[in-house]
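# Residue-level structural notes
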Amino acid sequence: MIELRHLRTLMALKESGSLAGAAKKRFVTQSALSHQIKELETRINSSIFIRKSKPLSFTQEGTRLLNLAEEILPKVMVTESDLKKGLDGEAQSLKLGIECHSCFRWLMPVTEAFKQIAPDGRIDLSSRHLFDSLNALALGELDIVLTSDPVPGHALAYQHLFDFEVKLVVSNEHPLAKQPFIKPEQLAKQTLITYPVPLQHLDIYKHFLEPAGVEVGEQKQCDLTAMLLQRIACNDGVAALPSWSINEGHGLNLSSVKLGSEGLKRPLFAAYRLNTSNTHLIQKWLTLVAAEGLKLQRLSQKHQSLLECA
């Protein structure tokens, strides 16, 4: 029989893209993970993924099992949480802090889905503590924080939700549009269009430019994703955006290029207090966020395929 541990291993393989990464996510040795995969392949009499493929590529049988995992595991997580807490969980609101301007759009359908499984629950979105959200969480002013940069030292739990990629977005006419990937020095003195966030808080600066000692040119700020993408299409500058923002530019005169040969991959974590009394409600919410993250990844892959075909 196919077991939940097999499905969780498949999800870890997809999210990490390697056996080593999947083993780390599942808190087992790589040897134990390989044994588990071999066991599953023996049971279904087929390979799950193509060996030595980069990036890791699933077979048709593996893809079918992966689709099953994406359908079943979120439901299992919600049910387990319900049973641990009791089906009549108390009505509460969750104050959610977000360290990401572009997350609001894809969080809206999650909020709607949350109303279906927790009719008495309420999500209050806030960016008021944008650059001090983890301290606000520790002080009880927030219940959950979505962040890519965990900070040790707080009495907080960090739950990995999903990974995403930040890419450089340029006009199709821009000299960098046809590059296989971008080197930090290629962005020296380039005009950077960003959300209204200080440069030192941007992923492209913290994890790509600053380590290489590269300074960009002018920073132009823009509140709305649609306006930001239009300005890039008009060659007003370049931007580094997560996949869900890039997806909104479909139909515009835009190209997206990897930052570095391996791409700039970032994790998204949910932080919450270890001693909180509303863990039940938090886990319901986070299950939906993780499921939405998988949808975003599939949409991004489809969008990238369309760009490559074009």
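Residues numbered from 1 in each chain as written. Predicted model: local features only at pLDDT ≥ 70, side-chain atom pairs only at ≥ 80, totals over all residues. Heavy atoms only, no water.

### Overview of the confidence of the model for the protein chain
Rules: Note: pLDDT gives the predictor's confidence per residue, expressed from 0 to 100. Counting from the N terminus, the helices are the DSSP runs of H or I reaching at least four residues and the strands are the DSSP runs of E reaching at least two. Any pair of residues with heavy atoms lying within 4.5 Å of one another is described as a contacting pair.
In the predicted model, the protein chain carries a mean pLDDT of 84, and 89% of its residues have values of at least 70. When mean pLDDT is compared element by element in the protein chain, strand β7 (residues 181-182) scores highest at 95, while helix α10 (residues 279-309) scores lowest at 72. Note that pLDDT drops below 50 for residues 87-91; the model gives that stretch 3 contacts with residues more than four away or on any other chain. Predicted confidence is poor over residues 306-310, with pLDDT under 50, and the contacts of this stretch with residues over four places away or in other chains come to 3 contacts.

### Some remarks on the pairing of strand β12 (residues 264-273)
For the record, the criterion: The buried label applies to any residue whose accessible area, calculated with a 1.4 Å probe on protein chains only, is under 20% of its type's maximum; exposed applies above 50%, and partly exposed to all values in between. At least two DSSP bridges between two strands are required for those strands to pair.
The buried count for β12 comes to 9 of 10 residues, which makes it a mostly enclosed element. One ladder, built from 3 bridges, connects strand β5 (residues 144-147) with β12; its direction is antiparallel. If you follow Leu146 over to β12, its bridge partner there is Ala270. Relative to β12, strand β6 (residues 156-171) runs antiparallel, the two sharing 10 bridges. By the bridge assignment, Glu165 is partnered in β12 with Lys265.

### Quick word on the packing of helix α2 (residues 19-26) against helix α3 (residues 30-44)
Here is the rule we go by: To define axes, lines are fitted to C-alpha atoms, for helices over the stretch in contact only, and angles between the resulting N-to-C directions are given on a 0 to 180 degree scale. Roughly parallel means an angle under 35 degrees; roughly antiparallel means over 145; roughly perpendicular covers 65 to 115; every other angle is labelled oblique. When residue character is reported, Ala, Val, Leu, Ile, Met, Phe, Trp, Tyr, Cys and Pro are called nonpolar, Asp, Glu, Lys and Arg charged, and the others, Gly included, polar.
As a packed pair, α2 and α3 sit with axes 9 Å apart at the nearest point and diverge in direction by 100°. With respect to α3, the axis of α2 lies roughly perpendicular. Contact residues: Leu19, Ala20, Ala22, Ala23 and Arg26 in α2; Gln30, Leu33, Ser34 and Ile37 in α3. A class-by-class count of the residues in the contact of α2 with α3 yields 6 nonpolar, 2 polar and 1 charged.

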